[in-house]
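Descriptive analysis of the structure
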Amino acid sequence: MSEIVILSGSPSEFSRSEQVLKYLGTLLEGEQFSVTHISVKDVAYEDLFQGNFNSTAVKEIAVKIQHAKGLIVGSPVYKGAYSGVLKALIDILPQDILKHKPVLPLMTGGSPSHLLAVEYTLKPVLATLKAHNLKGLYLLDRQIDKQNPLPIIDEDILQRTKKQLFYFVQLINNPVAREVVTY
């Protein structure tokens, strides 16, 4: 099974958040983790729209997440929150699927005014699934070049992102630290 699952809440195939998530996966693979990328696009819209808990795709996603040692969840900001399609998927996952699991939340957006969307929208919904939330990351669209293999073009943001990824890896490698330290 996968050690790390990366869940993209972007309905767009080539979004900035999707490119940053792929880059984080590459960094984790460089640290010898196995990484599985999951997208909301992997679930039929009918299953999401109808809340189909018994969907084969949803069940497969749930198994991958349950067996992962950690999860990174990313979404673009839409109307001050994470994507509605991500919420639709989260709604049909088991209630405690993230119990005690380190989760690194990430959002991208066009304006600094949405900076707190991670704290006020994404992290609370992950907490309802019993996630061990880390400090979230918010990247502005202008800090990302989705055409570049290294999509984070702002050096300060890149270093902050790598620092949070380092904390994430520490929690995965040392589960006891989850009970002691919150990043």
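Computed from a predicted structure; not experimentally measured.

A short note on the pattern of salt bridges
For the structure shown, the criterion picks out 4 salt bridges. In this structure, Lys87 engages Asp91 in a salt bridge whose closest nitrogen and oxygen atoms are separated by 2.5 Å. Of this pair, Lys87 and Asp91 are both found in helix H4 (residues 84-91), 4 residues apart, which corresponds to roughly one turn of the helix. Given the relative accessible area of 31%, Lys87 is considered partly exposed. On the basis of relative accessibility, which here comes to 42%, the residue Asp91 falls in the partly exposed class.

Looking at empty space enclosed by the protein
Within the structure shown, the criterion is met by 1 cavity of 30 Å³ or more. Of the volumes computed, that of the largest cavity is approximately 30 Å³. Along its surface, the largest cavity is lined by Leu7, Ile65, Leu71, Val73, Ile90, Leu93, Ile97, Leu98, Leu126 and Leu129. Here the lining of the largest cavity is composed, by residue class, of 10 nonpolar, no polar and no charged.

Focus on the nonpolar core
Formed by 35 residues in total, the largest nonpolar core has its most connected members in Leu89 and Leu98. Elements with a contribution of two residues or more to this core: strand E1 (4-8), helix H3 (56-67), strand E3 (70-76), H4, strand E4 (102-109), helix H5 (117-128) and strand E6 (137-140). Leave out the neighbours within four places in its chain, and Leu98 touches Ile65, Leu71, Val103, Leu126, Leu129, Lys130, Ala131 and His132. Membership of the second largest hydrophobic core comes to 25 residues, among which are Ile4, Ile72, Leu137 and Leu171.

Quick look at helix H1 (residues 16-30)
The first and last C-alpha atoms of H1 sit 21 Å apart over 15 residues, in line with the 21 Å expected at 1.5 Å per residue. Residues of H1 that are buried include every one of Ser17, Glu18, Gln19, Val20, Leu21, Tyr23, Leu24, Gly25 and Leu28, and no others. In this structure, the buried residues of H1 make contact with E1, strand E2 (35-39), E3, E4, E6 and helix H6 (155-173). A positive phi of about 75 degrees marks Gln32, the residue just after H1.

Focus on unusual backbone geometry
One non-glycine residue, Gln32, adopts positive backbone phi at about 75 degrees. On the secondary structure map, Gln32 appears in the loop between H1 and E2. At Lys79, a residue that is not glycine, the phi angle is positive and equals roughly 55 degrees. Along the chain, the position of Lys79 falls in the loop between E3 and H4.

Conventions used here
- Residues numbered from 1 in each chain as written.
- Predicted model: local features only at pLDDT ≥ 70, side-chain atom pairs only at ≥ 80, totals over all residues.
- Heavy atoms only, no water.
- Salt bridge = Lys/Arg side-chain N within 4 Å of Asp/Glu carboxyl O.
- Helix = DSSP H or I, 4+ residues; strand = E, 2+ residues; numbered from the N terminus.
- Buried < 20%, exposed > 50% of the residue type's maximum accessible area, 1.4 Å probe, protein only.
- 1 Å grid on protein atoms, 1.4 Å probe; cavity = no way out; pocket = protein on both sides within 12 Å on 5 of 7 lines; lining within 4 Å.
- Points joined across faces, edges and corners; volume = space filled by probe spheres on them.
- Nonpolar A, V, L, I, M, F, W, Y, C, P; charged D, E, K, R; others polar.
- Core = buried A, V, L, I, M, F, W, Y, C linked by side-chain atoms within 4.5 Å.
- Contact = heavy atoms within 4.5 Å.
- Expected span 1.5 Å × (residues − 1).

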